[in-house]
Amino acid sequence: MSWFPQLLAQWSSSALMLLFLSVVGRWIGLEETQAMVCSRWSALTNRSLYQDGDVIIGGLFSLYYTPSAVEQSFTERPNYEPCTSLDPEALKYAHAMAFAVKEINHNSNLLPGVKLGYRILDSCARYPWALQVALSLVGGEARSCNSTASEQSEKTAAGGQSVPLLIGTSASPTSILLSRILGPLSVPMISYFASCPCLSDRPKFPNFFRTIPSDIYQARAMAQLAIRFRWTWTGAVIVNNDYGHLAIQTFQEEIQGKGVCLEFIETVHRATIVSDARRAALTIQASTARVILIFCWYTDVKKLLLELAKRNVTDRQFLASEAWSTSNNLLQDLTISKVASGVIGVAIRSSTMPGFERYLRSLHPIHRPDDEFLRDFWEKEFGCSPGSTQSHAAPLSSYFSVHSSNVPANRSLQKASLPPCSGTESLEGVQHHFTDTSQLRVAYNVYLAVYAAAHALHSLLSCLDRDGSLRNNISTCSSPKYIKPIELLQHLNKVNFTTPQGDVFYFQGADIPAKYDLVNWQSTPEGRQKLVLVGRVDGFDLHLNESAIQWSTGSNQVPVSVCSESCSPGTRMANRKGEPLCCFDCIPCAEGAISNKTGSLQCELCPSDFWSNDERTACVPRQLDFLSFNETLGITLTTAAVSGAVVTTAVFVVFLCYRQTPMVRANNSELSFLLLLSLALCFLCSLVFIGRPSVWSCRFQQAAFGISFVLCVSCLLVKTVVVLVVFRSARPGAEGLMKWFGPSQQRGSVCLFTCIQIIICAVWLSLSPPVPQRDLGFQGSKVTLECAMPSVVGFSLVLGYIGLLACTCLLLAFLARKLPDNFNEAKLITFSMLIFCAVWVAFVPAYISSPGKYVVAVEIFAILASSYGLLLCIFAPKCFIILLRPEKNTKKHLMAR
């Protein structure tokens with residue numbers, strides 16, 4: 001539309017100058033001025049729909065059209081073709097204006113004592129023609145170059161009076177042009193079909209009003225439909241002008257951030273509609289979008305749908321703008337019905353006009369001999385001539401007449417070839433779109449525009465205030481013969497009334513409150529489509545009866561139009577690089593995070609005491625995890641501990657039974673029994689680590705472990721010292737050593753070493769004892785219940801003291817391993833302490849690095865491994881001799897070198 005502002009400026013300046021010259025020439029009668037006007041403009045045709053009155057309002061309707069016409073500018077010399085085809089719908093709109101005026105004149109409460117008249121002219125859907133007829137209505141009919149004074153007076157009597165207000169036009173570009181031209185003159189315009197949002201700009205168009213909502217609202221309604229039905233992947237076909245571009249711009253603004261994307265936007269132009277429709281059809285066919293928005297005029301849509309039907313593209317759901325959603329031309333076309341089934345459209349609100357159908361069916365050329373439009377309709381409908389007619393539409397100017405001088409003669413020949421009508425023809429029984437008043441939309445907008453003008457005139461001409469009292473200054477009342485457009489404009493801005501249908505009507509600037517119908521194209525048994533009302537739009541609110549909709553699939557199942565299927569619960573959306581936001585991949589949520597709804601953008605982390613379920617759809621309480629007696633690991637360790645205690649008890653029984661034998665007596669039987677008892681305690685203390693941790697179990701398990709192992713190692717240490725003392729006392733001069741380390745000293749040493757550990761444990765447990773604690777770390781869905789140590793100093797002292805005794809014992813045993821004796825117990829202690837130290841050296845890194853309950857398992861394993869090492873290394877050889885080699889269980893054998 002880059003050409004339009006230049007064209008508009010051109011026409012505006014030219015038209016204002018021509019209007020000025022025309023009005024000046026009419027007022028002062030200068031022949032020179034008249035000559036200037038006539039050299040540029042020819043006389044208008046007297047083909048009009050006219051009714052005399054005290055106040056005349058003008059009407060502009062596109063009654064005729066040229067099917068192949070392309071818009072031309074004033075500066076070009078086109079191969080001009082006149083408008084020849086009558087549009088019955090436009091004729092209905094013109095008669096809606098006439099009907100409204102008739103109704104108002106019969107209303108004693110509206111404009112009492114004032115007869116309202118009208119003059120309706122054809123704008124031919126062209127800028128030049130619309131400009132000419134608008135200026136002729138506002139300035140009064142200018143005299144033609146060849147007209148006489150008597151002819152001019154006749155024209156003035158037949159409707160040459162200037163009008164203070166215009167009803168029209170239908171097209172937004174034409175309305176923009178006329179509003180800019182008539183704006184400086186403050187002549188009000190009320191359009192019934194111009195819906196461009198740009199016309200809502202009051203500073204630019206102060207004299208413009210309309211009874212159709214701005215396109216902003218229908219574009220928003222279509223965006224709400226796409227959002228409501230989750231059509232996240234759509235396409236659009238728009239007409240290449242302000243109507244299409246502003247509509248799609250509003251649609252894109254409305255869907256911003258709502259998860260709806262446009263895969264493509266195809267533009268079509270009236271001048272190249274055949275190639276444009278073919279290109280758009282190929283794009284739709286190749287597209288993965290199943291929902292297509294179309295903002296075009298119905299003639300353009302028809303070309304597009306025919307191209308789609310040719311390619312058998314039948315699986316698309318169309319969203320229709322009001323420009324074609326109610327087009328009977330499309331609804332009745334069987335060829336496109338297979339591709340256009342299920343269309344959802346935004347339509348101008350429908351209403352009833354009681355008596356209008358009766359008025360239309362009563363129309364007859366005999367009763368309206370001056371209605372040339374009705375005559376042409378009669379000829380087209382009944383194929384006969386109701387009487388002599390005049391040729392349609394004298395040329396726009398002498399400039400154009402060169403190219404169309406033969407048209408009137410041709411039309412006269414065509415009409416002369418029609419047979420005369422019998423007079424019995426009537427619209428009473430005819431089924432025609434012209435007489436169909438079941439869904440009045442644009443016609444009702446015309447009706448409202450006339451009523452708005454009448455109420456503004458009523459307010460202007462009335463000498464009463466709204467409360468019924470006389471105005472203070474009666475002289476302010478205007479006369480019907482001298483109405484100033486600027487005063488009428490002021491009253492039109494304040495119009496507020498209730499229509500005969502009971503609706504409250506008022507202007508919000510140039511606009512009225514937005515109301516639309518939502519219609520659905522549904523198939524009939526004959527194969528055609530019918531309109532079904534399925535909802536309404538009231539401002540920004542959308543009310544829809546989804547169960548009444550028949551979709552393009554032929555069922556009540558809503559079509560799916562997505563680039564990527566919605567992510568199911570438990571996953572999140574991840575955008576694809578370089579693609580629109582509506583195209584994405586679904587990635588499962590990480591452990592500990594969930595998404596509990598479809599199409600989640602992010603996964604939510606679960607609270608600390610909860611974890612995600614396997615489907616990642618809900619947070620569930622974490623399971624308490626600890627080393628239990630019921631699990632495999634717990635059962636294994638319990639079995640090993642009990643088995644160790646049982647074996648130790650068995651050895652104790654064997655030693656008790658053979659306590660008088662040399663093998664038992666030679667190895668300090670008292671310390672051996674005490675060692676077996678401590679080993680049994682070591683095996684059994686490991687059971688305290690298994691099971692659910694509690695305050696007392698956490699304290700007792702470490703104390704039991706520390707004390708029992710110190711008792712065990714103390715016994716071994718004392719036994720090692722005894723071996724050294726015995727062999728040392730066998731040397732000459734050392735006989736007195738044994739009395740310094742006799743049985744009492746041995747028991748005292750064991751007690752002393754053990755008491756030191758007891759003191760360490762008592763201080764540790766009193767100052768900073770282990771406590772049960774939940775570990776939320778490594779176990780994911782499980783919470784490890786463990787005994788946590790607030791301070792590692794106590795535990796380090798316990799282990800360090802055991803290690804000190806063990807290292808001392810290992811050192812002494814290693815020194816005594818080669819003492820001359822057949823059965824030197826120091827060798828067995830050396831091996832046992834090597835195993836003991838190796839186990840506990842490996843225990844430290846394993847303990848630190850083990851997660852959760854496996855920390856406890858590592859400690860239990862170290863306890864059992866070291867206990868079994870001591871038991872087997874020290875007592876297995878002795879039990880072997882006692883039970884299986886009794887011949888070696890003699891003092892002689894033991895003392896042999």
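Report follows, based on the coordinates. Here the residue numbering is sequential within each chain, running from 1 through the sequence in written order. Where totals are concerned, whole chains, interfaces and linings use all residues; where local detail is concerned, this predicted model gives features only for residues with pLDDT of at least 70, and gives and counts side-chain atom pairs only at 80 or more. Side-chain calculation: all heavy atoms of the structure are included, whereas hydrogens and water are not.

All right, on to the overall build of the protein chain then. Along the protein chain, the regular secondary structure elements total 28 helices and 27 strands. For the protein chain, the accessible surface area stands at approximately 40,500 Å², while carbon and sulfur atoms represent 58% of it. By definition, any uninterrupted DSSP run of H or I lasting at least four residues is a helix, any uninterrupted run of E lasting at least two residues is a strand, and each is numbered from the N terminus. Shrake-Rupley sampling with a 1.4 Å probe provides the accessible areas, and residues are treated as covered by the protein chains on show and by no other component.

On to the environment of Leu 711, then. Residue placement: Leu 711 occurs in helix 22 (residues 695-729). Between buried and exposed lies partly exposed: a residue is buried under 20% and exposed over 50% of the maximum accessible area for its type, with that area taken using a 1.4 Å probe on protein chains only. A relative accessible area of 14% places Leu 711 in the buried class. Linking Leu 711 and Leu 681, residues 30 residues apart in sequence, is a C-alpha distance of 9.4 Å. By definition, residues are in contact when any of their heavy atoms lie within 4.5 Å. When residues no more than four places from it in sequence are discounted, the contact partners of Leu 711 are Leu 674, Ser 678, Leu 681, Val 750 and Thr 754.

Glancing now at the sheet that holds strand 9 (residues 233-239). We treat two strands as partners when DSSP finds at least two bridges between them. Reading across the sheet, the eight strands line up as 10-9-11-12-13-16-17-18 and stay open at both edges, with mixed pairing between neighbours. The strands lining the two open edges of the sheet, one partner per strand, are strand 10 (261-268) and strand 18 (541-544). With strand direction ignored, the average angle separating the axes of adjacent strands in the sheet is 25°. Across nine bridges, strand 16 (residues 515-523) lies against strand 17 (residues 529-538) in antiparallel orientation. Following the sheet pairing, Trp 521 is matched in strand 17 by Leu 531. To obtain an axis, a line is fitted to C-alpha atoms, over the contacting stretch when the element is a helix, and the angle between two such axes runs from 0 to 180 degrees between their N-to-C directions. Sheet strands in contact with helix 8 (residues 242-255) are strand 9, strand 10 and strand 11 (291-295), and its direction is about 155° off that of strand 9.

Now for helix 7 (residues 215-228). For an α-helix, 3.6 residues make a turn, and residues three or four places apart therefore share a direction. Along its 14 residues, helix 7 runs 20 Å from first to last C-alpha, staying within 8% of the 20 Å computed at 1.5 Å per residue. Listing the buried residues of helix 7 in full gives Asp 215, Gln 218, Ala 219, Ala 221, Met 222, Ala 223, Leu 225 and Ala 226. Taken from the residues just after helix 7, Arg 230 is the one with a positive phi, measuring 55°. What a helix is expected to span follows from its residue count: subtract one and scale by 1.5 Å.

Just to be clear on terms, a salt bridge is a Lys or Arg side-chain nitrogen sitting within 4 Å of an Asp or Glu carboxyl oxygen. In this structure the tally under the stated criterion is 19 salt bridges. With a closest N to O distance of 2.4 Å, Asp 315 and Arg 316 form a salt bridge. Residue classification places Arg 316 among the buried positions, given a relative accessible area of 3%. In this structure, Arg 536 engages Asp 517 in a salt bridge whose closest nitrogen and oxygen atoms are separated by 2.6 Å. Placement of the pair is Arg 536 in strand 17 and Asp 517 in strand 16, with a sequence separation of 19 residues. Since its relative accessible area comes to 0%, Asp 517 is described here as buried.

Another point: the packing of aromatic side chains. Here the aromatic set is Phe, Tyr and Trp, taking the six-membered ring for Trp, and pairing holds for ring centres within 6.5 Å; pairs whose planes are under 30 degrees apart are stacked, those over 60 apart are edge-to-face, and all others are tilted. One pass over the structure, following the stated rule, counts 33 aromatic pairs. Measuring from centroid to centroid gives 5.0 Å for Phe 229 and Trp 551, while their planes differ by 80°, and the two rings are edge-to-face. Of this pair, Phe 229 sits in the loop between helix 7 and strand 9 while Trp 551 is found in the loop between strand 18 and strand 19 (571-575), placing the two residues 322 residues apart along the sequence. On the basis of relative accessibility, which here comes to 10%, the residue Phe 229 falls in the buried class. Aromatic ring contacts, followed pair by pair, group Phe 705, Phe 709, Trp 764, Phe 795, Phe 836, Trp 840, Phe 843 and Tyr 847 into a single cluster. Taking NZ or CZ as reference, Arg 202 lies 4.7 Å from the ring centre of Phe 209, over its face. Lysine and arginine charges are scored as sitting over a ring when NZ or CZ, respectively, is within 6 Å of the ring centre and within 35 degrees of the ring normal. Note that Arg 699 overlies the ring of Trp 696, its terminal NZ or CZ placed 5.6 Å from the centroid.

Mapped onto the fold, Phe 584 is located in strand 20 (residues 584-588). The buried category is assigned to Phe 584, whose relative accessible area is 8%. A sequence separation of twelve residues divides Phe 584 from Arg 572, and the C-alpha atoms of the two residues are 9.6 Å apart. Non-local contacts of Phe 584, meaning those with residues more than four positions away in its chain, are made with Ser 564, Glu 565, Ser 566, Cys 567, Met 573, Ala 574, Asn 575 and Arg 576.

This next bit is on the pairing of strand 11. For strand 11, the buried fraction is high: five of the five residues fall into the buried class. Across the two faces of strand 11 the burial is the same, with Val 291, Leu 293 and Phe 295 and Ile 292 and Ile 294 all buried. With four bridges joining them, strand 11 and strand 12 (residues 317-320) adopt parallel strand pairing. In the strand pairing of strand 12, Leu 293 is matched with Leu 319.

Tracing the chain through its elements places Asn 520 in strand 16. Within 3.5 Å is the distance limit for a polar contact, defined as a pair of N or O atoms, with the added protein rule that one can donate a hydrogen and the other accept it, and that residues adjacent in sequence qualify only through two side-chain atoms. A polar contact is formed between the side chain of Asn 520 and the side chain of Gln 522, at a distance of 2.9 Å. When near neighbours in sequence (up to four residues on either side) are disregarded, Asn 520 contacts Gly 342, Val 343, Ile 344, Lys 530, Leu 531, Val 532, Val 534, Ala 548, Ile 549 and Gln 550.

It is worth spelling out the state of the cysteines at this point. Any pair of cysteine sulfurs within 2.5 Å is marked as a disulfide. All chains considered together, the criterion is met by eight disulfides. Disulfide pairing places Cys 196 opposite Cys 198 at an S-S distance of 2.4 Å. Looking down the S-S bond of the Cys 196 and Cys 198 bridge, the torsion is 130°, so its handedness is right-handed. Taking the relative accessible area as the measure of exposure, Cys 196 reaches 3% and is therefore buried. Judged by its relative accessible area of 24%, Cys 198 is partly exposed. Bridging Cys 698 to Cys 787, the disulfide has an S-S length of 1.9 Å. Residues Cys 698 and Cys 787 share a disulfide whose torsion about the S-S bond is about -80°; that sign makes it left-handed.

Turning our eyes to something else, we now look at the nonpolar core. The term nonpolar core refers to a set of buried residues drawn from Ala, Val, Leu, Ile, Met, Phe, Trp, Tyr and Cys, joined through side-chain atoms within 4.5 Å. With 97 residues, the main nonpolar core has Ile 57 and Ile 190 as its most contacted residues. With sequence-adjacent residues up to four places away left out, Ile 190 is seen in contact with Leu 165, Leu 166, Ile 167, Gly 168, Phe 209, Arg 210, Thr 211, Ala 449, Ala 452, Ala 453, Leu 492 and Phe 507. Ala 645, Leu 679, Trp 764 and Tyr 847 belong to the second largest nonpolar core, which has 70 residues in total.

Without a salt bridge and with relative accessible area above 30%, a residue can belong to a patch; like charges are then joined within 9 Å and nonpolar side chains (Val, Leu, Ile, Met, Phe, Trp, Tyr) within 5 Å. Residues Tyr 658, Phe 880, Leu 883 and Leu 884 make up a contiguous nonpolar surface patch of about 380 Å² in total accessible area. Residue position: Leu 884 is located in helix 27 (residues 854-884).

Let us now look at the sheet that holds strand 26 (residues 771-775). Strand pairs in the sheet, formed through backbone hydrogen bonds, run parallel or antiparallel to each other. Reading across from one edge, 25-27-26 is the order of the three strands in this open sheet, with mixed pairing throughout. Edge positions in the open sheet fall to strand 25 (623-625) and strand 26, since each of these has one partner strand only. With strand direction ignored, the average angle separating the axes of adjacent strands in the sheet is 30°. In this structure, strand 26 lies alongside strand 27 (residues 782-788), joined through five bridges in antiparallel fashion. For Val 771, the partnering residue across the bridge sits in strand 27 and is Ala 788.

For any two helices packed against each other, the geometry is given by the interaxial angle and the distance between the axes. With their axes 9 Å apart at the nearest point, helix 24 (residues 743-767) and helix 25 (residues 792-815) run at an angle of 170° to one another. It follows that helix 24 is roughly antiparallel to helix 25 by the angle criterion. On the side of helix 24, the interface is formed by Phe 753, Ile 756, Gln 757, Ile 760, Cys 761 and Trp 764, while helix 25 contributes Gly 794, Phe 795, Leu 797, Val 798, Tyr 801, Ile 802 and Leu 805. Partitioning the contact of helix 24 with helix 25 into residue classes produces eleven nonpolar, two polar and no charged. Every angle not falling under 35 degrees, over 145, or within 65 to 115 is termed oblique; those three ranges are roughly parallel, roughly antiparallel and roughly perpendicular. Any residue outside Ala, Val, Leu, Ile, Met, Phe, Trp, Tyr, Cys, Pro, Asp, Glu, Lys and Arg is labelled polar, Gly included; the first ten of those are nonpolar and the last four are charged.

As a further point, take the packing of helix 25 against helix 26 (residues 825-849). Here helix 25 crosses helix 26 at 150°, and the two axes come no closer than 9 Å. Looking at the two axes, helix 25 sits roughly antiparallel to helix 26. In this structure, the crossing between helix 25 and helix 26 has a hand that is left-handed. In contact with Phe 795, Leu 799, Ile 802, Ala 806, Cys 809, Leu 810, Ala 813 and Phe 814 of helix 25, helix 26 contributes Ala 826, Ile 829, Thr 830, Met 833, Leu 834, Phe 836, Cys 837, Trp 840, Phe 843 and Tyr 847. Partitioned by chemical class, the residues of the contact of helix 25 with helix 26 number 17 nonpolar, one polar and no charged. A crossing counts as left-handed when the near helix is turned anticlockwise from the far one by less than a right angle, and as right-handed when that turn is clockwise.

The next point concerns unusual backbone geometry. Between Gly 168 and Thr 169 the backbone carries a cis peptide bond, its omega angle lying at 0°. The backbone phi angle of Leu 111 is positive, close to 50°, even though this residue is not glycine. Relative to the helices and strands, Leu 111 is located in the loop between helix 3 (88-105) and strand 5 (116-122). Overall, Leu 111 belongs to the buried group, its relative accessible area being 5%. Residues other than glycine seldom take positive phi values, yet Asn 312 does so here, at roughly 60°. Tracing the backbone shows Asn 312 in the loop between helix 10 (298-310) and strand 12.

By themselves, these are just geometric observations and shouldn't be taken as functional.
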